[in-house]
Amino acid sequence: MQSARLLGAAATVALAASFAASPSALAATNVGDGPISPNLTKISLLNTNDFHGHFTKDFACTVTTAQNELGATFLSAGDNVGGTPFASASQNDVPAIDYLNALDLKASAVGNHEFDKGFADLTGRVQARANWTYLGANVYRAGTTTPALPAYKVIDVNGVKVGVVGAVTSDVPSLVAGDGISGLTFGDPVAAVNRTAAQLKDGDASNGEADVVVAEYHEGAAGGGDATLASQTARGGIFAKIVNGTAASVDAIFTGHTHQIYAWDAPAPGGGTRPVIQTDYYASHLGVLQLGYDPTTKKVTQYSVTNREVTATTAACEADARYRSAATIVDNANARADVIGKQPVGKITADITTALKPDGSRDDRLRESTLSNLIAQSYVDSINKPGRPGGVEIGVMNPGGVRADLKYGTDGTVTYADVAAIMPFNNTVQTIEVTGAQFKQVLEQQWQPEGSSRAFLKLGLSKNVTYTYDPNAAAGSRITSVTVDGQPLDMGKTYTVASNSFLVGGGDNFTAFEAADATRKDSGLIDQSLFVEWFKEHNPASPSFAKNGVAVENQPKAVTQGEEVTFTVSGLDMTSAGAPTTTEVEVFLGTQSLGTFPVQKVLTTAPPFPTRNETATITVKIPADAMTGAQQLVVKAAQTGTTVTMPLTVVAADQPSPTSTPTASPTGTESPTASPTGTPTGTPTSTPTSTPTSTPTSTPTSTPTSTPTSTPTSTVTGPPVVTDGDQSGGSSSSNGGVFAGAGALFAMLLAGAWVLGRRLR
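Remember, predicted model here, so these are calculated numbers, not experimental data. (Residues numbered from 1 in each chain as written. Predicted model: local features only at pLDDT ≥ 70, side-chain atom pairs only at ≥ 80, totals over all residues. Heavy atoms only, no water.)

Colleague: What exactly am I supposed to notice about the pairing of strand β17 (residues 394-397) here?
Modeller: Side chains of β17 alternate between two faces, with I394 and V396 and G395 and M397 buried alike. Where β17 lies against strand β24 (residues 494-500), two bridges are found, and the strand directions are parallel. In the strand pairing of β24, I394 is matched with V497. Of the strand pairs in this sheet, β17 and strand β20 (residues 460-461) are connected by two bridges, and their pairing is antiparallel. Paired with V396 across the strands is L461, a residue of β20. (Buried < 20%, exposed > 50% of the residue type's maximum accessible area, 1.4 Å probe, protein only. Helix = DSSP H or I, 4+ residues; strand = E, 2+ residues; numbered from the N terminus. Pairing = 2+ DSSP bridges.)

Colleague: Please clarify how unusual backbone geometry should be interpreted in this entry.
Modeller: Among all residues except glycine, the phi angle is most often negative; among peptide bonds, the trans geometry is most common. For the peptide bond that leads from N539 to P540, omega is 0°, which places it in the cis range. As for its placement among the helices and strands, P540 is situated in the loop between α16 (527-537) and β26 (549-553). One non-glycine residue with positive phi stands out, namely H52, at about 50°. Mapped onto the fold, H52 is located in the loop between β2 (41-48) and α2 (57-70). Phi is positive for H259, close to 60°, though the residue is something other than glycine. The residue H259 is located in the loop between β11 (252-254) and β12 (261-267) in this model.

Colleague: What should I look at first to understand the environment of A96 in this one?
Modeller: Note on placement: A96 falls in helix α4 (residues 94-102). Each C-alpha atom of the pair A96 and V81 lies 6.8 Å from the other, and the pair is 15 residues apart in sequence.

Colleague: Quick question: what am I supposed to make of empty space enclosed by the protein here?
Modeller: Leftover empty space is mapped by rolling, across the atoms, a probe with the size of a water molecule. Under the counting rule described, the total for this entry stands at six cavities of 30 Å³ or more. Class assignment of the residues belonging to the lining of the largest cavity gives a composition of eight nonpolar, 14 polar and nine charged. Volume-wise, the second largest cavity comes out at about 130 Å³. Forming the boundary of the second largest cavity are 16 residues, of which G82, D93, H113, D116 and K117 lie nearest the centre. (1 Å grid on protein atoms, 1.4 Å probe; cavity = no way out; pocket = protein on both sides within 12 Å on 5 of 7 lines; lining within 4 Å. Points joined across faces, edges and corners; volume = space filled by probe spheres on them. Nonpolar A, V, L, I, M, F, W, Y, C, P; charged D, E, K, R; others polar.)

Colleague: I would appreciate a short explanation of the state of the cysteines in the present structure.
Modeller: Disulfides are covalent bonds that link the sulfur atoms of two cysteine residues. For the structure shown, the criterion picks out one disulfide. At a sulfur-sulfur separation of 2.0 Å, the disulfide partner of C61 is C317. Here the disulfide of C61 and C317 is right-handed, its torsion about the S-S bond being about 85°. Of the two residues, C61 sits in helix α2 while C317 sits in helix α10 (residues 315-318), which places them 256 residues apart along the sequence. (Disulfide = S-S within 2.5 Å.)

Colleague: Even after reading the chapter, I still don't get the nonpolar core, so can you show me in this structure?
Modeller: By size, the foremost hydrophobic cluster in this structure holds 52 residues, and its most contacted members are F59, F74, Y99, F115 and V139. Elements supplying a minimum of two residues to this core: α2, α3 (86-89), α4, α5 (119-129), β9 (184-186), β14 (285-294), α11 (321-341) and α13 (416-422). Per element, the largest residue contribution to this core is seven residues, and it comes from α11. In this structure, Y99 is in contact with F51, F55, T56, F59, A60, A326, I329 and V330, ignoring residues within four places of it in sequence. Counting residues in each nonpolar core, the second largest holds 29 residues, with L457, V482, V504 and A551 among its members. (Core = buried A, V, L, I, M, F, W, Y, C linked by side-chain atoms within 4.5 Å. Contact = heavy atoms within 4.5 Å.)

Colleague: What should I look at first to understand the sheet that holds β11 in this one?
Modeller: Across a sheet, strands are paired by hydrogen bonds formed along the backbone, either parallel or antiparallel in direction. Strand order across the open sheet formed by six strands is β7-β8-β10-β11-β13-β12, with mixed pairing between neighbours. Lying at the two open borders of the sheet, with one neighbouring strand each, are β7 (152-157) and β12. Across this sheet, the average inter-strand angle for adjacent strands is 20°, counted without regard to direction. Pairing between β11 and strand β13 (residues 273-279): two bridges, direction parallel. Looking at the pairing, F254 lines up with I277 of β13. Its contacts with the sheet put helix α7 (residues 189-200) on β7, β8 (160-168) and β10 (212-218), and the angle it makes with β8 is roughly 160°. Contacts from helix α9 (residues 237-245) reach β10, β11, β12 and β13 within the one sheet, and its direction differs from that of β12 by about 45°. (Axes fitted to C-alpha atoms, helices over the stretch in contact; angles between N-to-C directions.)

Colleague: Just checking my understanding: could you explain the pattern of salt bridges for this structure?
Modeller: Side-chain pairs of opposite charge can arise where the charged atoms are in close proximity. Per the stated rule, a full pass over the model turns up 16 salt bridges. R388 serves as the salt-bridge partner of E533, at 2.9 Å between the closest nitrogen and oxygen. In this pair, E533 is assigned in helix α16 and R388 in the loop between α12 (370-383) and β17, connecting sequence segments 145 residues apart. In the salt-bridge network here, residues are joined through shared partners; they are K385, R388, E533 and E537. (Salt bridge = Lys/Arg side-chain N within 4 Å of Asp/Glu carboxyl O.)

Colleague: What is the right way to look at the packing of aromatic side chains in this model?
Modeller: The full count for this structure, using the stated rule, is 18 aromatic pairs. Ring plane angle 20° and centroid distance 6.2 Å describe the contact between F531 and W534, whose orientation is recorded as stacked. Within this pair, F531 and its partner W534 are both found in helix α16, separated by three residues, close to a single helical turn. Feature note: the residues F51, F55, F59, F74 and Y99 constitute an aromatic cluster, connected by ring pairs. (Phe/Tyr/Trp six-rings, centres within 6.5 Å; stacked < 30°, edge-to-face > 60°.)

Colleague: Any chance you could explain the sheet that holds strand β30 (residues 592-598) here in plain terms?
Modeller: Spatially, the five strands line up as an open sheet ordered β27-β34-β33-β29-β30, and their pairing is mixed. Of all the strands in the sheet, just β27 (558-560) and β30 have a single pairing partner and so form its edges. For this sheet the average axis-to-axis angle between neighbouring strands, irrespective of direction, equals 30°. The sheet contact formed by strand β29 (residues 584-589) and β30 spans six bridges and is antiparallel.

Colleague: Help me out: how do you make sense of the packing of α4 against α11 in this one?
Modeller: Helix packing geometry: the angle between the two helix axes and the distance between the axes. Two numbers describe how α4 lies on α11: the axes approach to 8 Å, and their chain directions differ by 170°. The angle between α4 and α11 places the two elements in the roughly antiparallel class. Contacts from P95, D98, Y99 and A102 in α4 reach R322, S325, A326, I329, V330 and A333 in α11. Residues belonging to the contact of α4 with α11 are distributed by class as follows: seven nonpolar, one polar and two charged. (Parallel < 35°, antiparallel > 145°, perpendicular 65-115°, else oblique.)

Colleague: In this structure, what is going on with the environment of G595? I would like to understand it.
Modeller: Along the chain, the position of G595 falls in strand β30. Each C-alpha atom, one on G595 and one on K621, is 9.3 Å from the other, the two residues being 26 residues apart in sequence. Residues contacting G595, with those up to four places away along its chain left out, are V585, E586 and V587.

All quantities given are derived from atomic positions and should not be read as evidence of function.
So, in structure tokens, the structure goes:
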């Protein structure tokens, strides 16, 4: 992946030169809306990607109309099954397979979701029922380069041999449960396509021969719509490699996986252009590609390409036998699902949704949501029920696993179908034991590896977990503080986490879980069924708009009595449906209010990730009589219930202020004292009464034993626990007084010895 980063000018020139030296398969031109020349043989191809079981009569009509109009062959770039809506998922995706069979799908790249239930299910149950061929040129038997799936299929289209080569994203191991693909490795998709295309053009009939080669990549550009080919290839990564590195012998490139829509003319090796296309997702569009093949030169010299929007069923479709077959499957599948899905399981008091994008559409995976957090909480509640494994302290949910929203409708009733549509993958719920340090690393991994299709993935967390982060800090050091059940995260303590098998297995690049894999236990319970059960027992359910993760810049680490401290909090509000807007926050030191501060309604856009709504720059004065030692600075937003907890050390005015981040206490916690046990973690309705009134009982009293924590830091730093990523701001600028006399010096030395002694115990 690193080699596919943004190419510099010199590298681009070198790459172009290498292409020019290669045989040219496609010195073609896009004829736009014009016809393919009658002197050429027309090859018409239809394509879908990321279908995900969204079978409709309208899509069937669109496909059959194009087939009859153009004599076209129907292909796919993968994810035909898996991640499907209730009508398909409740019937194990059998209707989706039968529907695509009825539409005469000929070949498909294998997508990552084809592996949701394991390789054996794909090659057994799914492929046995499917009339089309699944292709995976870069799917190998573990430890070998032996293909585990067919790499290509040659199809006769209008008398021309068209070789269809399929490849899937190499990220599959991070996208599906590891147990199901344990015998496989996933190689470079571009290298695999190029190898296979070369075989189809080498004149050796024993390894397949084709006149025209098209690639079906289950991988694609991160952006579409208004984005341009230039902007997407400039990002580097796998898409730039697909566009620039796919061999000259490939005449057209179909893509998928990233749920985008585009039809671009990409510079082709040797001159001319070749089409690069993706057709949105969930069967909203149909890709239509026509190639003009010159039988004399044996080259494609013209093409036209478009994404045809799916439209309503026509009378002509009603008379078509192929359409009627697909439509019957739709009717029967919906009827069976309707019986199952109408069963009510509970009620909600308001919409509970994923994060909404700026245009109002669902599923912004960069942002925290009411629904992801609710699911994470359901894991904790479900596994801690009597008779279950129990002991779960933290629930976690990956945003990509949330496939639908809960809408209030007319009376708030939630049905089986509503709940099932949210988590269609039928993962098992598992537990894993991680240290505080490992859990902090999990939170750090929300910032995805460089070059990933998505730069950030916001985890849903159970309501007892909050954290702060510095959006400007370096990778791996952005998380600045974490609390669990009102207590600072203990780096050495073991916490039991519950989630779905995909995430616990290290999915979505949350590889920190893998270090604790030996402790992973499978409950044997299906997440979808547990969520249905949870709704029946938590009736009615309400959205909580209390955020668990808030950005803090210049987060204070140590303050002096009487000192003024300035810091900025941002990302106070969610974007889920119905989320209120915070207009002011109140700041507390322990139980003492330090004032109320206005919040600016502003959107901070990425980078740095994640994007954030609402910002407040806060200046507070630490009371001159504030209790010294470890305390908490708390920012509360009463309108949402969001609470920002920042551990810090208060230094006496006549003592020097520490200049470094407070190190862990002897027990390994991030702060020597506990968070207030009354920190609000539930729904907003309980927030105003949950001010941190318990702080004084959990912090050291102002006896001399608490004072030495404010002495200058020793070179002995203790456990390597970082509680603040921002090393530049928030520290005191004053020593709070000048020591005079031998007695004062002696007292300081004693205090330093006391700290050193504590650290070495």
